[in-house]
Amino acid sequence: MLEQLTENLAAVDAELPADVALTADAGYFSEANVDSDAEHDLDAYIATGRLKHDEPPDPEQPLPDHATVRLRPTGRLL
């Protein structure tokens, strides 16, 4: 989708504003999409999935050394 956006903007000689943000639901969450957002210099807010209401995340719990992109605290993933 980002490649098509790049092509469309080039076709009309336009560019995205510097403060543009990308939002997406959990269906678009993947390490490849997170990497692609970074390559396109986009501020991305992508839902990582659903949380169970009775099991909130524990911010005091340390991340494992093998944490995936879903678990890394980037401040940009929802």
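Please refer to the structure higher up on the page.
Just so you know, these numbers come straight off a predicted model, no measurement behind them.

J.: Quick question: what am I supposed to make of the overall build of the protein here?
T.: For the protein, the count of helices and strands is two helices and two strands. Reading the protein from its N end, one meets helices and strands in the order α-β-α-β. Sequence-distant contacts in the protein: of pairs separated by 6 or more residues, those separated by 24 or more amount to 44%. Counting only carbon and sulfur atoms, one obtains 52% of the accessible surface of the protein, whose full area is about 6500 Å².

J.: Any chance you could explain the nonpolar core here in plain terms?
T.: The nonpolar side chains of a soluble globular protein tend to be buried with one another. Of all hydrophobic cores here, the largest spans seven residues; its members are Leu-2, Leu-22, Phe-29, Val-34, Leu-42, Ala-44 and Ile-46. The contact partners of Leu-22, leaving out residues within four places of it in the chain, are Leu-2, Asp-37, Leu-42, Asp-43, Ala-44, Tyr-45 and Ile-46.

J.: Hey, could you run me through helix α2 (residues 31-39) in this one?
T.: Residue pairs spaced three or four apart in an α-helix point in one direction, given the helix's 3.6 residues per turn. Among all positions in α2, only Val-34, Ser-36 and Asp-37 are buried. The buried residues of α2 occupy an angular sector of 160 degrees when projected down its axis, which confines them to one face. Pointing more than 90 degrees away from the buried face of α2 are the exposed residues Ala-32, Ala-38 and Glu-39. Its buried side turned inward, α2 meets α1 (2-11), β1 (21-24) and β2 (43-46). Within two residues after α2, Asp-41 carries a phi angle of roughly 55 degrees, on the positive side.

J.: In this structure, what is going on with the pairing of β2? I would like to understand it.
T.: Along a regular strand, successive side chains alternate from one face of the sheet to the other. Of the two faces of β2, the one holding Ala-44 and Ile-46 is buried and the one holding Asp-43 and Tyr-45 is not buried anywhere. Judged from the four bridges that link them, β1 and β2 form a sheet pairing that is parallel. Bridged to Thr-23 within β2 is Tyr-45. Between the parallel elements β1 and β2, the chain passes through α2 in a crossover that is right-handed.

Analysis parameters
Residues numbered from 1 in each chain as written. Predicted model: local features only at pLDDT ≥ 70, side-chain atom pairs only at ≥ 80, totals over all residues. Heavy atoms only, no water. Helix = DSSP H or I, 4+ residues; strand = E, 2+ residues; numbered from the N terminus. Contact = heavy atoms within 4.5 Å. Areas by Shrake-Rupley, 256 points an atom, 1.4 Å probe, with all protein chains shown as cover. Core = buried A, V, L, I, M, F, W, Y, C linked by side-chain atoms within 4.5 Å. Buried < 20%, exposed > 50% of the residue type's maximum accessible area, 1.4 Å probe, protein only. Arc of directions from axis to C-beta. Pairing = 2+ DSSP bridges. Right-handed = clockwise from strand over helix to strand, strands pointing away.

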